[in-house]
Amino acid sequence: MPLIPSFVRNVIYPIYRGFKRDRILAILEELEGNQYLSSGEIEDLQWRRLQELLRQVSVHVPYYRELFKRRGINVRQISDMDDFRKIPYLTRNVIKDNSRSLITGDPLRNGYPSSTGGSTGAPLYFYCDRAAIPFRRANRLRQLRIAGIDIGTRELKFWGVDMDLSLKERIIRRVRSYFNNTRLISTFDMSDSRMKKYAAMERSFKPELIIGYPSALVQFAGYCRRKSINLHKPEAVVTGGETLYPKQRELIEEVFNAPIYNSYGSREFADVAFECQEHRGLHIASDLHLVELINKEGRPARPGEAGEIVVTDLMNMYMPFIRYRTGDVAVAAGRKCECGRGLPLLERVEGRSFDNIRTPDGKSVGGFFWTSLSRSVPGIRRFQIEQKALNSIDFRIVPEQGWKDENTGILRKKISDCCGANMHVNFLIVTEIPLTPAGKSKFIISDTTDRLVIKSKVHKASITGTEPEMSDCLRIDGEIMKLANIDQYEKILIVDATNGARLETFAVSDRPGSGRMVASGAVANHIREGDEIGIMAFTWSSETGGNFSNILVDEDNHFVRYLTEIEGMKL
């Protein structure tokens with residue numbers, strides 16, 4: 001039988017926290033006060049904690065001590081974000097290569113090992129600061145109170161629960177869960193037979209809070225709707241661990257008949273951002289983290305612009321994460337929330353930067369398109385998109401009632417309209433889709449290592465004429481095109497060294513050996529006869545070189561010689 005929530009909240013929990021002496025309740029009170037500070041006051045608190053972190057790591061952490069020395073960074077002179085951004089990013093590879101030197105030498109600090117769940121295919125092993133545990137747990141309690149959930153409330157959790165535990169570990173987990181009024185459901189087994197038992201547990205336990213991965217909750221909600229199972233209505237549903245897409249939110253809220261409070265976090269940092277009752281963005285826990293959004297050009301993302309989430313953990317002094325590139329993408333809000341909290345907002349989290357399908361023409365198609373696509377035809381119970389080449393995807397479908405084979409034609413047309421006619425789609429009808437090692441369900445897997453690299457470059461070409469009345473293009477001596485490996489009608493980038501103009505157009509072959517370089521159509525509005533230009537063409541490749549044709553021409557646009565700008569490349 002579940003415990004009475006007020007008994008857990010007012011008796012068991014305070015006694016246990018007093019025994020642990022971790023001050024979680026006092027920290028919770030502090031954090032709840034922080035959220036209603038003004039944005040300026042929160043920034044001051046954040047900056048004080050950042051400066052203390054930088055002072056600590058510059059003295060006690062070998063990696064940062066050497067890095068700051070090598071880069072000439074004096075942490076006491078870091079006075080604003082521009083100064084702070086001079087510190088290089090921390091990445092998974094940097095951590096793997098410098099795991100020991102990233103650990104503090106401060107004898108007063110104590111850490112414990114942790115790791116990511118391996119959703120990317122390769123778990124990251126690292127250490128957390130034990131002194132940061134109370135702050136992380138208090139931050140989670142703050143988030144739950146925002147959702148109207150207090151300590152001791154009955155909670156049913158759909159998570160990647162490790163079942164390969166010793167008898168002692170299983171007993172400890174069950175005892176802890178019981179006294180926290182929590183029941184755990186493993187997302188590693190979401191078969192119909194198990195979900196039937198989960199539904200019975202939910203109706204019997206009557207949780208006021210449901211927590212889970214969006215994918216697991218969608219599976220469970222879909223099952224309950226198909227079987228016409230009426231669930232107990234909780235007060236709130238908290239999602240995390242994966243990107244929550246709009247169609248998923250609709251289904252989960254419909255079946256559970258309760259509002260969703262989405263959260264963003266990771267194993268490295270715990271909870272970083274969370275929704276409030278306005279449900280119009282996620283508040284960043286900026287009293288514990290410093291979050292940057294960096295666009296593709298490496299600059300801070302503007303409001304409404306997507307950028308990679310870069311996190312600095314202000315509380316982990318044992319193995320510091322400073323400017324850590326998460327690989328996740330979010331959109332900056334640039335507005336204040338109507339709830340009155342001063343904590344800044346993310347408009348939304350869009351998923352991991354590699355949770356996008358890339359097309360041959362360089363377009364990136366994210367999760368919102370694919371989840372909407374899956375709802376455009378009936379009969380798709382679950383799906384997964386996997387890309388192993390730029391011009392090809394595997395579309396796996398677990399069908400349900402209403403599925404028709406001719407639906408693939410509709411899906412293929414919609415994919416072609418979005419991704420281009422050159423995108424090949426291989427539809428696979430399957431009975432199940434495997435989970436990640438963390439028990440999550442990945443909708444999009446992009447395994448291609450291809451990236452956009454330069455393949456052709458022509459130096460110091462001269463414009464010999466203009467043809468404004470012709471179609472937009474650059475007419476190029478056919479011999480130069482062949483030597484530079486530029487194809488007929490290929491898209492090229494022109495950089496005008498005379499006036500600084502940069503523009504894209506198409507290459508059209510002119511008479512070989514003529515030396516002609518003619519700007520046609522709209523190109524002639526930006527480039528004039530006599531201008532000196534450079535011409536570049538690009539390709540998608542898993543290599544960084546090998547087919548790079550880099551040539552120099554004379555003042556008459558005749559071939560002089562090949563150039564080598566990449567050491568060791570044979571041209």
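Residues numbered from 1 in each chain as written. Predicted model: local features only at pLDDT ≥ 70, side-chain atom pairs only at ≥ 80, totals over all residues. Heavy atoms only, no water.

Participant: Help me understand the nonpolar core, please; the structure alone is not making it clear to me.
Facilitator: Soluble, globular proteins show a tendency: their nonpolar side chains are buried together. If you look at the biggest cluster of nonpolar residues, it comprises 58 residues, and the most contacted ones within it are Tyr64 and Phe84. When sequence neighbours within four positions are dropped, the list of residues in contact with phenylalanine 84 reads Trp47, Leu50, Leu54, Ile78, Leu290, Glu292, Thr312, Ile322 and Arg323. Residues Ile185, Val237, Val255 and Phe256 belong to the second largest nonpolar core, which totals 25 residues. (Core = buried A, V, L, I, M, F, W, Y, C linked by side-chain atoms within 4.5 Å. Buried < 20%, exposed > 50% of the residue type's maximum accessible area, 1.4 Å probe, protein only. Contact = heavy atoms within 4.5 Å.)

Participant: Even after reading the chapter, I still don't get the environment of histidine 558, so can you show me in this structure?
Facilitator: You can see histidine 558 is positioned in the loop between β27 (549-553) and β28 (559-562). Note: C-alpha distance between histidine 558 and tyrosine 261 (297 residues apart in sequence) is 65 Å. Filtering out sequence-adjacent residues up to four positions away, histidine 558 remains in contact with Ile480, Gly513, Gly515, Leu552 and Val553. (Helix = DSSP H or I, 4+ residues; strand = E, 2+ residues; numbered from the N terminus.)

Participant: Looking at this structure, how should I read empty space enclosed by the protein?
Facilitator: Here the idea is plain: a probe the size of a water molecule rolls over the atoms and shows the empty space left. Within the structure shown, the criterion is met by 2 cavities of 30 Å³ or more. Of the voids in this model, the largest cavity is the one considered here, and its volume is about 70 Å³. Put simply, the parts of the chain that give the lining of the largest cavity at least two residues each are α7 (133-146) and β8 (270-275). It is α7 that provides the largest number of residues to the lining of the largest cavity, a total of 3 residues. By residue class, the composition of the lining of the largest cavity is 6 nonpolar, 2 polar and 3 charged. In this model, the second largest cavity occupies a volume close to 40 Å³. Along its surface, the second largest cavity is lined by Gln56, Val57, His60, Val61, Thr104, Asp106, Arg109 and Met317. (1 Å grid on protein atoms, 1.4 Å probe; cavity = no way out; pocket = protein on both sides within 12 Å on 5 of 7 lines; lining within 4 Å. Points joined across faces, edges and corners; volume = space filled by probe spheres on them. Nonpolar A, V, L, I, M, F, W, Y, C, P; charged D, E, K, R; others polar.)

Participant: Explain the pairing of strand β7 (residues 260-266) here, please?
Facilitator: One face of the sheet, then the other: side chains in a regular strand alternate in exactly this way. Within β7, 5 of the 7 residues are buried, which leaves the element mostly enclosed by the surrounding structure. Where strand β6 (residues 236-239) lies against β7, 3 bridges are found, and the strand directions are parallel. When the bridges of β7 are listed, valine 238 appears paired with tyrosine 261. Handedness of the crossover joining β6 and β7 through helix α11 (residues 246-256): right-handed. Two elements, β7 and β8, share 4 bridges in a ladder whose sense is antiparallel. Bridging from a neighbouring strand, tyrosine 264 pairs with alanine 273 of β8. Taking the residues between adjacent antiparallel strands as the criterion, β7 and β8 are bridged by 3 residues. (Pairing = 2+ DSSP bridges. Right-handed = clockwise from strand over helix to strand, strands pointing away.)

Participant: Before we go on, may I ask you to explain the packing of aromatic side chains in this structure?
Facilitator: Any two aromatic rings considered together are summarised by their centre-to-centre distance and by the angle between their planes. Tallied over the full model, the rule gives 15 aromatic pairs. Where tyrosine 63 meets tyrosine 64, the ring centres are 5.0 Å apart and the plane angle is 85°; that geometry is what we call edge-to-face. Across the pair, exposure class does not vary: tyrosine 63 and tyrosine 64 are buried alike. Judged by centre distance (5.9 Å) and plane angle (55°), the ring pair of tyrosine 127 and tyrosine 318 falls under tilted. In this pair, tyrosine 127 is assigned in strand β2 (residues 125-129) and tyrosine 318 in the loop between β11 (306-313) and β12 (324-332), connecting sequence segments 191 residues apart. For tyrosine 127, a relative accessible area of 27% corresponds to the partly exposed category. One aromatic cluster is present, formed by Phe126, Phe269, Phe321 and Tyr324 through successive ring pairs. (Phe/Tyr/Trp six-rings, centres within 6.5 Å; stacked < 30°, edge-to-face > 60°.)

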